[in-house]
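The lines below spell out each chain.
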Number of protein chains: 4
Amino acid sequence: MELDVDRSPFHRLIGLELVQGDPGLIELRLPWRDELGRADGSDWFHGGVVSALIDIAGDYAIASRVGRAVPTIDLRVDYLRPARRGELRAVARAVKVGRTVGVADVELRDAGGALVAIGRCAYSTAG
Amino acid sequence: MELDVDRSPFHRLIGLELVQGDPGLIELRLPWRDELGRADGSDWFHGGVVSALIDIAGDYAIASRVGRAVPTIDLRVDYLRPARRGELRAVARAVKVGRTVGVADVELRDAGGALVAIGRCAYSTAG
Amino acid sequence: MELDVDRSPFHRLIGLELVQGDPGLIELRLPWRDELGRADGSDWFHGGVVSALIDIAGDYAIASRVGRAVPTIDLRVDYLRPARRGELRAVARAVKVGRTVGVADVELRDAGGALVAIGRCAYSTAG
Amino acid sequence: MELDVDRSPFHRLIGLELVQGDPGLIELRLPWRDELGRADGSDWFHGGVVSALIDIAGDYAIASRVGRAVPTIDLRVDYLRPARRGELRAVARAVKVGRTVGVADVELRDAGGALVAIGRCAYSTAG
């Protein structure tokens, strides 16, 4: 399965980049853009960007194992510290790939390597 | 506290609008734009837009009660059905506003009124 | 489908009672027992009792719609205030019953009617 | 801070044991008892036992860092496979210990070492 992050208008809107894609293990990168800021003059990424990045990374981690797109059942994000400008890197790992449900864990780090958020998401793998 | 959704570059990027803002009860609206699509040619909103909208609405529901911005502790989104083009409306309601934690419930509906996602979020209310 | 809460050793251990069971809407009751306390001398129910009650109620709400037992995919519980002795009542409602996933919302109240915890759970409905 | 799991009536009811307790890293053990079964004749632990064990382990992981009991803000459990009789071991690790919120990750394994459930919990660390 080819992971083409550019096929989504929303991915292009925020400037998402695929760093590495192996079955069950995905790394995405999101460089800072002023449009992604939380507030005017703030150098924090908006929380909505953080959760979107986690959902997308987790989805690819499961999709790369089952060979097709997988709808998100539910998404959970814990915000640990502000996500400062620079870039964000999301590493997602498939924890379970069952017949009906897949679960992925995602770690999101800032340019300095600090863990800014963690995510856990369930996806439907039922064909 | 004035709720000015336009003060955030990310809100302007996606085109977020405030419909109604009362203490503890917020309604947001997000009209369809092609840039918010899940995939080229798809008429579904991207899941990252859905989760962002839920986080923002819940945040305002709590912030409007405590009178200042509140950082998100964690966010949970259940996707019930595809969010089709038209518009999305998020209604957020404060369930609890404690001294250290606030909890909000959010319902997201499409243009036809169908419930497409539900969210529950915890926010830090500790000054 | 008959809902027989007594067929589970764990339900008998904690003293769970079915108050009402309609398809998609379940009410359970758990009277106080000293063995369910958080700490010696405390008059609070242990948090593990609260989460168990929420999972069980949500499960029945979905099972009563699909006509068979449903495995829990994931469980989320928000603790709003201490659950004081007396009794706990859990009301669970099916929010979605799809072909592969069901989602239930649960409200847990104490003897005085105060909302002490809310839960949201996903269950596998794939036969 | 002394971690005395026996001071809770509910812990004694289910037979919880502390294996190891270091600041921010806790291991608990729960041996099989017929009373903890999902259904008569089943050799699976009840899901309510699994979620209770995860909440307790995560709580101790944070409490052992802040030096006092910490109320659970919210609990999330993903069930990966049935938890078969034998014993359950929960290893909890503090991911964040902030001024107002602590987050713990918990892995639950069966007697064979298989991962049966994972949990993530937020606790209030505000004095």
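Everything discussed here concerns the structure shown above.
Now for a look at the structure at hand. Every value quoted in this text rests on a predicted model; they were computed, and no experiment measured them.

1. Re the relation of the copies chain B and chain A
In screw terms, the move from chain B to chain A is a rotation of 180 degrees and a rise of 0.0 Å along the axis, fitting with an RMSD of 0.0 Å. Such a combination of turn and shift is consistent with a two-fold rotation axis. Among all C-alpha atoms of chain B, that of B:Arg76 lies closest to the rotation axis, at 2.2 Å. Residue by residue, 100% of the interface of chain B is reproduced at the interface of chain A, so both copies engage with the same surface.

2. Considerations on the packing of aromatic side chains
All names here are of chain B. A complete count under the given rule lists 4 aromatic pairs over all chains for this structure. Arranged with centres 5.0 Å apart and planes meeting at 80 degrees, the rings of tryptophan 32 and phenylalanine 45 form a pair that is edge-to-face. Of the two residues, tryptophan 32 is situated in the loop between β2 (25-31) and α2 (47-66) and phenylalanine 45 in the loop between β2 and α2; the sequence distance between them amounts to 13 residues.

3. So, the interface of chain A and chain C
Between chain A and chain C, the contact holds 8 residues from the first and 8 residues from the second. Between chain A and chain C, the buried area comes to about 550 Å², and carbon and sulfur atoms account for 70% of it. The tally of links from chain A across to chain C stands at 2 salt bridges. Across the pair C:Asp74 and A:Arg76 runs a salt bridge whose closest N-O atoms are separated by 3.5 Å. The set of elements that each furnish at least two residues to the side of chain A that touches chain C consists of β3 (72-79) and β6 (115-124) of chain A. Among the elements that line the side of chain A that touches chain C, the one with the most residues is β3(A), at 3 residues. The residue inventory of the side of chain A that touches chain C, partitioned by class, reads 4 nonpolar, 2 polar and 2 charged.

Criteria and cut-off values
- Residues numbered from 1 in each chain as written.
- Chains lettered and ligands numbered in written order.
- Predicted model: local features only at pLDDT ≥ 70, side-chain atom pairs only at ≥ 80, totals over all residues.
- Heavy atoms only, no water.
- Least-squares fit on C-alpha atoms with pLDDT ≥ 70 in both.
- Contact = heavy atoms within 4.5 Å.
- Phe/Tyr/Trp six-rings, centres within 6.5 Å; stacked < 30°, edge-to-face > 60°.
- Helix = DSSP H or I, 4+ residues; strand = E, 2+ residues; numbered from the N terminus.
- Buried area = accessible area lost by both parts, 1.4 Å probe.
- Salt bridge = Lys/Arg side-chain N within 4 Å of Asp/Glu carboxyl O.
- Nonpolar A, V, L, I, M, F, W, Y, C, P; charged D, E, K, R; others polar.

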